Amino acid sequence: AQTPEAQALTIAEVRLTPILVADPPLLNTQGVHQPYTPRLIIEVVTEGGVTGIGETYGDTKYLDLARPLAEKLPGLGVTDLNGLFTLADEVAVDASRVENSVDVGGLRGVQTADKLRLSIVSGFEVACLDAWGKAAGLPVHALLGGKVRDRVEYSAYLFYRWAEHPDGVACEPDDWDAAVDPAGVVAQAERFSRDYGFTSFKLKGGVFEPAEEIAAIRALAERFPGQPMRLDPNGAWSVPTSLHVAEELRDVLEYLEDPTSGTPGMAEVAGAAGVPLATNMCVTTFGEIREAFTKGAVQVVLSDHHYWGGLRNTRELAAICRTFGVGLSMHSNTHLGISLAAMTHVAATVPNLDYACDSHYPWQTEDVITERLTFRDGRLDVSDAPGLGVELDRERLAVLHQRWLDDDGTMRDRDDAAAMRVADPEWETPAIPRW
Ligand code: GKR
Ligand code: MG
């Protein structure tokens, strides 16, 4: 028989709320961000009346998995995180969802059934940890073993972008200027530095000819001398092009991120680049680690609790990286404050978080939490409040869910190439390597 305390921590109800959240016209090698991107907000309510919240991808293929998993959860303890994984394994993944999946043209690495499952489990795991922490009066970082730092550093995530989405497209405008050349990128970095205090800079590349992007990083390095730079073309370059870029930027890059696609190519580049290579594309699952580490293909793995199956798996990844002398940093996709809070809690507990984490958060003007998180000196304070330390704003959640309900289906699955075709009907997802 369960103790009353354990009974109170049992899941009574799970609520799933798909939403569409405004996203600016950020460019990448596949195309441009849609004006709205899908996210899924997960609420886990315990028998004791505590609600925990989580956030993950909200595209249809993720919802198709989240719904049957949610149905299995009542009766599970929010502390039984291993049990959560066992239940997730019982949810069948429709093979066509994986085979036909472009997953934003592969920007998030190869899509497998397991990875889809892990991305869903991550949102539930965070919601369970939030509920457990709230019930126990403990912050999530304490449930992960305790923080080893009080603040977590983030980098400025710079994007080439247009000032506005294409004419006639419904969107929520923002007050950022276009950035399509080195001067625009530097101006964007100046605003990031001024408003948030970031001191390291990552530029999303693979958009323009490599010479253009080399010039942008050079301009940044001149404007912010001695500050760490990263360039990430999402695998768009050939091995020779990657080596050329490495040669040109070696003195200012702290790492080059996914210059080329696939572990063998990354290994070739790593062997001669003279600059560390980081990835959120060729190592996104535990199964990919052995080959990449054995071949010396990557020197830095970008963790992302959404890919890796949650906060505890992120810590396991960190332990493996530590063992093999591989660096650890953190990747992000378009996300809201619940995910940022989760990222910050786990980052606070990892001793070998060697680099500032990525976050798209400054690009999001909308959120579903009552108080947005604020970067100061490029850092976020680690919350010691119970759970994640953020509260759901139900009114905002309802508005963003209504937008999802009202959508004719075009925004419910992120497709950057389709969004680009609105501006350029001839646009095709570029073949890799592009240059
Ligand atoms: O949001 O355009 C984007 C990024 O390109 C994203 O999709 C990537 O997953 O941020 C990511 C990265 O570092 O590769
Ligand atoms: Mg990347």
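Conventions and cut-offs
- Residues numbered from 1 in each chain as written.
- Chains lettered and ligands numbered in written order.
- Predicted model: local features only at pLDDT ≥ 70, side-chain atom pairs only at ≥ 80, totals over all residues.
- UniProt positions renumbered as here; feature names shortened; annotations may be inferred.
- Helix = DSSP H or I, 4+ residues; strand = E, 2+ residues; numbered from the N terminus.
- Rg over C-alpha atoms; globule rule 2.2 N^0.38 Å.
- Buried ≥ 20, exposed ≤ 12 C-beta atoms within 10 Å, placed from the backbone.
- Contact = placed C-beta atoms within 7 Å.
- Axes fitted to C-alpha atoms, helices over the stretch in contact; angles between N-to-C directions.
- Parallel < 35°, antiparallel > 145°, perpendicular 65-115°, else oblique.
- Left-handed = near helix turned anticlockwise from the far one by under 90°.
- Nonpolar A, V, L, I, M, F, W, Y, C, P; charged D, E, K, R; others polar.
- Near = placed C-beta within 6 Å.
- Pairing = 2+ DSSP bridges.
- Expected span 1.5 Å × (residues − 1).

As recorded by an unreviewed UniProt entry, the protein chain carries the name glucarate dehydratase and is attributed to Streptomyces himastatinicus ATCC 53653. Taken from UniProt, the Cofactor (unreviewed entry) comment for the protein chain reads in full: "Mg(2+)".

Visitor: Explain the overall build of the protein chain here, please?
Guide: For the protein chain, the count of helices and strands is 17 helices and 14 strands. Radius of gyration (C-alpha) of the protein chain: 21 Å, near the 22 Å computed for a compact globule of 435 residues. Dimensions of the protein chain, computed from the C-alpha atoms along their principal axes, are close to 65 × 50 × 45 Å. Taken across its 435 residues, the protein chain has 53% of its residues classed as buried. Pairs at least 24 apart in sequence give 74% of the contacts found in the protein chain among residues at least 6 apart.

Visitor: When you look at the packing of helix α9 (residues 210-223) against helix α10 (residues 239-249) in this model, what are you seeing that I'm missing?
Guide: Geometry of a packed helix pair, given as the angle between the helix axes and the separation of the axes. α10 packs onto α9 with a crossing angle of 25° between their chain directions and a minimal axis gap of 10 Å. For the element pair α9 / α10, the angle class is roughly parallel. For the element pair α9 and α10, the recorded crossing hand is right-handed. Between α9, through P210, I214 and I217, and α10, the contact on the second element is made entirely by T241, H244, V245, E248 and L249. Of the residues that constitute the contact of α9 with α10, the class distribution is 5 nonpolar, 2 polar and 1 charged.

Visitor: Would you mind going over the site of ligand 1 with me for this structure?
Guide: Near ligand 1 lie 12 residues; those nearest to it are N28, L107, N280, H331 and N333. Here the residues of the shell around ligand 1 are counted per class, giving 3 nonpolar, 6 polar and 3 charged.

Visitor: Can you walk me through the sheet that holds strand β10 (residues 253-257) in this structure?
Guide: Within a sheet, adjacent strands bond to each other through the backbone by hydrogen bonds, running parallel or antiparallel. Pairing is parallel across the open sheet formed by 7 strands, whose spatial order is β7-β8-β9-β10-β11-β12-β13. Because the sheet does not close on itself, it has two edges, and the strands there are β7 (156-159) and β13 (327-330). In this sheet, adjacent strand axes meet at a mean angle of 25° when their direction is disregarded. Bridge count between strand β9 (residues 229-232) and β10: 3 bridges; the pairing is parallel. What sits directly across from M229, in β10, is L253. On the sheet, helix α11 (residues 263-273) packs against β10 and β11 (277-279) and is oriented at approximately 150° with respect to β11. Helix-sheet contacts for helix α14 (residues 311-324) involve β12 (300-303) and β13, and the interaxial angle to β12 is about 175°.

Visitor: Would you mind showing me how to read the UniProt feature "active site" (unreviewed entry) in the protein chain here?
Guide: As annotated in UniProt, the feature "active site" (unreviewed entry) corresponds to K204 and H331 in the numbering used here. In summary, the annotated positions, though distributed over 128 residues, converge in three dimensions, the widest C-alpha pair being only 11.9 Å. With respect to the secondary-structure elements, K204 resides in strand β8 (residues 201-204). Residue classification places K204 among the buried residues on the basis of 24 C-beta atoms within 10 Å. Ignoring sequence-local partners within four residues, the contact set of K204 consists of N28, L158, F159, Y160 and D232.

Visitor: Explain helix α2 (residues 60-72) to me, please; I cannot follow it from the model alone.
Guide: A turn of α-helix holds 3.6 residues, and therefore any two residues three or four places apart point the same way. For α2, which comprises 13 residues, the first-to-last C-alpha distance of 19 Å matches the rise-based estimate of 18 Å (1.5 Å per residue) to within 8%. When α2 is considered as a whole, its buried residues turn out to be K61, Y62, L65, A66, L69 and A70.

Visitor: Which parts of the structure should I look at to understand the sheet that holds strand β4 (residues 36-46)?
Guide: Taking strand neighbours across the sheet as the criterion, the 3 strands line up as β1-β4-β5 in an open arrangement whose pairing is antiparallel. Lying at the two open borders of the sheet, with one neighbouring strand each, are β1 (11-22) and β5 (51-57). On average, adjacent strands in this sheet sit at an angle of 20° to one another, irrespective of strand direction. On top of the sheet, α2 reaches β1, β4 and β5; it is set at about 165° to β1, its chief contact. Taken strand by strand, helix α16 (residues 394-406) contacts β1 and β4, and its axis lies near 70° from that of β1.

Visitor: For this particular structure, what's the right way to read unusual backbone geometry?
Guide: Excluding glycine, residues mostly have negative phi values, and the peptide bonds linking residues are mostly trans. Looking along the chain, the bond that leaves I432 and enters P433 is cis, with omega of -5°. Here P433 shows up in the segment after α17 (416-423). Residue N234 is not a glycine yet carries a positive backbone phi of 50°. C-beta crowding within 10 Å serves as the criterion here: with 26 such atoms nearby, N234 is assigned to the buried category. Even without being a glycine, D258 presents a positive backbone phi close to 40°. In this structure D258 comes out as buried when scored by C-beta crowding, with 29 C-beta atoms within 10 Å.

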